[in-house]
Amino acid sequence: MKKNETCLFYIGGQQYFPRDLSKERIDFKAGTVEQISLRKLTKRGRVLGIKDFWIVPGESTFTGTLDPFHVELDPINEYQSFQNEINNAISLSNKLEIIESNLENIVSLSNLITISSKLESEKLEALIEQIPPSMHQNQIYLQLEDELLKNKLLENEEVLTKSKKGEVFTAFELENKDGEIVTLEDLKGKPTLIEFTFTGCAGCVKILPELREVYDQYEGKLNIVSIYSDKTRKSFENNNPVYKKELVIWTSLWDPTDFVSRVNQINTYPTFILLNEHGEMIDKFLIIGNGKVKRKIAALNLD
């Protein structure tokens, strides 16, 4: 793995950064079945590859290479075997046929989320209606409902257009850590700095001290909002408690479907968007080196 790359395991809503994958052992109490996601990232947060696996109680071993990114699970259980069958389907229609025939299976629901953006909302809604009631309290089913809502929104041409400089930013309604809804309208009246991030983003952690300096200097004159693209609420609420409690005292919002990020084509983390007091976008930038956020905000002459 290259010096500017890292790996991240998502297990049961928790994140693990293995230091040495050839020796690392992760002890995790699995339920009947758990999904594990292995992500290969740059240290600036850009996703280079994702591998998803299904584990059952017992010991599992991952084998393969990170460059090229090819990892397999050993032993292969029935859930992973079904996942491999879906992976080997040669077309979207073949995948969909397998999924539609097994909607009582949690693996099918997870893969339906993966392909949901390629389906029309009517088709996705029809499939969700076929899912047995016994699955309705599962977190993956709830995510599917979120995906359906996002698909319906994205089919609206006005929503689909990404924000441009001089135009009002994408309208949103996202929850903060207290479960309260925050909207774009709530931020108007003051300039707003939006940070796009996710739990476990190394580059995002690195910029936190500078963001805290900006917050302290312009408190009351500037909104700072971090929008998290985390898979689960548990990840969003329990991201590294040390830096969260000591540094992040501004507004944190959860974008469970990545709606705001996808509409605005956010592919690298952290990415920043700066809005004026009317909610109009005036800048979009990445971080290269120290002090860039402070310089951008200083140029607003808020003092």
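Anything mentioned here points back to the structure above.
Being a predicted model, the structure only gives us computed values, none of them experimental. (Residues numbered from 1 in each chain as written. Predicted model: local features only at pLDDT ≥ 70, side-chain atom pairs only at ≥ 80, totals over all residues. Heavy atoms only, no water.)

## A look at helix H8 (residues 202–217)
Because each turn of an α-helix spans 3.6 residues, side chains separated by three or four positions end up pointing in the same direction.
(1) Moving on: At Leu-208, H8 is bent by approximately 40 degrees, the largest bend along its length, and proline Pro-209 sits one to four residues beyond.
(2) Moving on: Looking at H8, one finds that the buried residues are Gly-203, Cys-204, Ile-207, Leu-208, Glu-210, Leu-211, Val-214 and Tyr-215. (Bend = angle between axes of the 7 residues up to and from the residue. Helix = DSSP H or I, 4+ residues; strand = E, 2+ residues; numbered from the N terminus. Buried < 20%, exposed > 50% of the residue type's maximum accessible area, 1.4 Å probe, protein only.)

## A look at the packing of helix H2 (residues 92–100) against helix H3 (residues 106–115)
(1) Moving on: Packing of H2 against H3 leaves a shortest axis separation of 10 Å and a crossing angle of 150 degrees. Between H2 and H3, the interaxial angle falls into the category roughly antiparallel. The handedness of the crossing between H2 and H3 is left-handed. Contact with H2, carried on its side by Leu-92, Leu-96, Ile-98 and Ile-99, involves Ser-108, Asn-111, Leu-112 and Ile-115 of H3 and no other residues of that element.
(2) Moving on: Among the residues forming the contact of H2 with H3, the class breakdown is six nonpolar, two polar and no charged. (Axes fitted to C-alpha atoms, helices over the stretch in contact; angles between N-to-C directions. Parallel < 35°, antiparallel > 145°, perpendicular 65-115°, else oblique. Left-handed = near helix turned anticlockwise from the far one by under 90°. Contact = heavy atoms within 4.5 Å. Nonpolar A, V, L, I, M, F, W, Y, C, P; charged D, E, K, R; others polar.)

## Some thoughts on the packing of aromatic side chains
(1) Moving on: Throughout the structure, instances matching the rule amount to seven aromatic pairs.
(2) Moving on: With a centroid separation of 5.0 Å and 65 degrees between ring planes, the pair formed by Phe-53 and Phe-62 is classed as edge-to-face.
(3) Moving on: Since its relative accessible area comes to 4%, Phe-53 is described here as buried.
(4) Moving on: We classify Phe-62 as partly exposed; its relative accessible area is 27%.
(5) Moving on: Judged by centre distance (6.1 Å) and plane angle (45 degrees), the ring pair of Tyr-215 and Trp-250 falls under tilted. In this pair, Tyr-215 sits in helix H8 while Trp-250 sits in the loop between helix H10 (241–246) and strand S11 (251–254), placing the two residues 35 residues apart along the sequence. Each member of the pair Tyr-215 and Trp-250 is classed as buried.
(6) Moving on: The ring of Phe-69 carries Lys-51 above its face, with NZ or CZ at 5.7 Å from the centroid.
(7) Moving on: Positioned over the ring face of Tyr-228 is Lys-177, at 5.5 Å from the centre of the ring. (Phe/Tyr/Trp six-rings, centres within 6.5 Å; stacked < 30°, edge-to-face > 60°. Lys NZ or Arg CZ within 6 Å of the ring centre and 35° of its normal.)

## Structural notes on the sheet that holds S11
(1) Moving on: Within the open sheet, the seven strands sit side by side as S8-S7-S11-S10-S9-S12-S13. Their pairing is mixed. Each edge of the sheet is formed by a strand with only one pairing partner; in this case those strands are strand S8 (181–183) and strand S13 (281–286). On average, each strand axis in the sheet is tilted by 30 degrees relative to the strand beside it, whichever way the strands run.
(2) Moving on: Of the strand pairs in this sheet, strand S12 (residues 271–275) and S13 are connected by five bridges, and their pairing is antiparallel. Considered in S13, the bridge of Ile-273 is made with Lys-284.
(3) Moving on: Across the sheet, H8 lies against strand S9 (192–197), strand S10 (223–228) and S12, angled at about 165 degrees from S9, the strand it touches most. (Pairing = 2+ DSSP bridges.)

## So, the pairing of strand S3 (residues 34–42)
(1) Moving on: Within S3, seven of the nine residues are buried, leaving the element largely enclosed by the surrounding structure.
(2) Moving on: Sheet topology places strand S1 (residues 5–11) next to S3; seven bridges connect them, and they run antiparallel. Bridge assignment links Ile-11 to a residue of S3, and that residue is Ile-36.

## Focus on the pattern of salt bridges
(1) Moving on: With the rule as written, the count across this model stands at five salt bridges.
(2) Moving on: Across the pair Lys-188 and Glu-185 runs a salt bridge whose closest N-O atoms are separated by 2.8 Å.
(3) Moving on: Take Lys-188: its relative accessible area is 33%, and that puts it in the partly exposed class.
(4) Moving on: Looking at Glu-185, the relative accessible area reads 53%, which means it is exposed.
(5) Moving on: The residue Glu-213 makes a salt bridge to Lys-294 at a minimum N-O spacing of 3.1 Å. You can see Glu-213 sitting in helix H8 and its partner Lys-294 sitting in helix H12 (residues 292–298), a full 81 residues away along the chain.
(6) Moving on: For Glu-213, a relative accessible area of 42% corresponds to the partly exposed category.
(7) Moving on: According to the relative accessible area criterion, Lys-294 is partly exposed, its value standing at 34%. (Salt bridge = Lys/Arg side-chain N within 4 Å of Asp/Glu carboxyl O.)

## Description of unusual backbone geometry
(1) Moving on: Residues Asp-74 and Pro-75 are joined by a peptide bond in cis, for which omega reads 0 degrees.
(2) Moving on: Relative to the assigned elements, Pro-75 resides in the loop between strand S6 (69–74) and helix H1 (78–87).
(3) Moving on: At the junction of Tyr-269 and Pro-270, the peptide bond is cis and its omega measures out at -5 degrees in the coordinates.
(4) Moving on: Relative to the helices and strands, Pro-270 is located in the loop between helix H11 (259–263) and S12.
(5) Moving on: We note that Gln-265 has phi near 55 degrees; this positive angle belongs to a residue other than glycine.
(6) Moving on: Inspection of the secondary structure puts Gln-265 in the loop between H11 and S12.

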